[in-house]
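Chain by chain, the residues run as shown.
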Amino acid sequence: MSAVEEEIPKSWLFSKEEIQNSPSVRIGITFEEERAARKAACKFIAEVGQNLWHPASIVAINSAKVFLNRHYMVESLDNSADMLYKRKLAGITCLFVACKTEECLRPLKEFIWAWNQIDADSRTGSYPFGRYDGSDLKRKSWCVDEETPQYQKVREDILLFERDLLHVLGFDFQVDHPQGYIMRFAQFFDTVKRDKESRALVVSSGEEVRFTELGHRVITTANAMANDSSSTTLGIQFKSSAIAAVCMCLALKTLNFKSPSLEKWAAKWNEERLRHADPRLQSVEIVTADHQDICNQLLDFYDEIERQNAMSAQAAVVETSEQQPACSSSQRADAAHMATLPELKVERLDAFFSVLHRRECCLVVVVVCRKSAPRKSTSVNLVHDFGSFFLLGNSRM
């Protein structure tokens, strides 16, 4: 038995200590560097998934992120001279495999074309794997010819990495996503809401149960946060049901829905779950310590986005001011405001709500624009499914 086979875990849930002592950390990569690399790779997976000729489903994208995090708990990050290429190669291969396992099949050339488009140099107009200059007018410039040496090299690299990934995963492709629990938690919180809360999340008519407009907003927000959680290591630390419960609680807070304290509703859920008709929900136990830990990690994730957005805005203001010295007083005031954002001392949840508010506005605009435009593909797009506050922001990594 090889060393890799001995390290393959039987369960894909790890403690925080195990994640902080991952194979990458053991070869000298700091935990912060590995965390940033995982996050960047997850964002690259989502970008490739959306830029495929036929966009990948949200399930395939999130499964790919889970495969990536599992892989890096067995093997270390590449730390060679071409590490950026190798890390993107890992991300795109995870998406290639996930599209197979989630019945969202796409030809390999579409993944390479999407990568070629994403990494194109906008200033020079060059592409990392070459440009298509053929006579087919339907093909874009980034749809490089399959016979070129550059295309053949990256194709072989993906197929070789796929073999390694399948070996590490042990052909265990089962992923339980938090989105599968969101609607059930919405129904539960509607029954345990405080007496002062007059709004409803669901409306029952006989045996039929439908969600109100508020209920749909809560579910959309919770699902967007669940999507964002897949860009962290939460999916290999906690059960998906626990992540879903946290996303639902935070979504309710963003909409000022008055729900009981954590101790009260957790006790109520743990008491009622055993009587639920769905056997999968009977095994869902809410542990308050895990709930608080998930909440803190998710808020840390959004705090990082807020800081990155402020730094990006400040850099953009500086670049714009150098190119256009003359600017209005209102523009200078906006620039001064954005420059002081990192130093603002506000409550953590207030900052979190600020992040969600801006991204919720972006989500509405994008969904409206996408729905009004004709689509060539019938596959489900990331924004069409649940949206993502993380991806719709202007953070760059």
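Calculation rules
- Residues numbered from 1 in each chain as written.
- Predicted model: local features only at pLDDT ≥ 70, side-chain atom pairs only at ≥ 80, totals over all residues.
- Heavy atoms only, no water.
- Helix = DSSP H or I, 4+ residues; strand = E, 2+ residues; numbered from the N terminus.
- Buried < 20%, exposed > 50% of the residue type's maximum accessible area, 1.4 Å probe, protein only.
- Contact = heavy atoms within 4.5 Å.
- Core = buried A, V, L, I, M, F, W, Y, C linked by side-chain atoms within 4.5 Å.

Draft legend 1. Seen up close, the environment of Ile 182. Looking at the secondary structure, you find Ile 182 in helix H9 (residues 179-191). Since its relative accessible area comes to 0%, Ile 182 is described here as buried. Apart from residues lying up to four places away in sequence, Ile 182 is in contact with Ile 219, Ala 222, Asn 223, Ala 244, Cys 247 and Met 248.

Draft legend 2. Examining the environment of Cys 99 more closely. By the secondary structure assignment, Cys 99 is in helix H6 (residues 83-101). A residue is classified by how much of its surface remains accessible, and Cys 99, at 1% relative accessible area, is buried. Expressed as a C-alpha distance, the spacing of Cys 99 and Ser 57, which sit 42 residues apart in the sequence, is 8.0 Å. What Cys 99 contacts, discounting residues up to four positions off in sequence, is Ala 56, Ala 60, Cys 104, Leu 105 and Phe 111.

Draft legend 3. Fine view of the nonpolar core. Within the largest apolar cluster, 53 residues are counted, with the highest numbers of intra-cluster contacts made by Val 48, Leu 68, Leu 95, Phe 111, Trp 115 and Ile 158. If one sorts the elements of this core by residue count, H6 sits on top with 10 residues. In contact with Val 48, other than residues within four places in its own chain, are Ile 92, Leu 95, Phe 111, Ala 114 and Ile 118. Tyr 181, Ile 219, Ile 243 and Ile 305 belong to the second largest nonpolar core, which has 45 residues in total.

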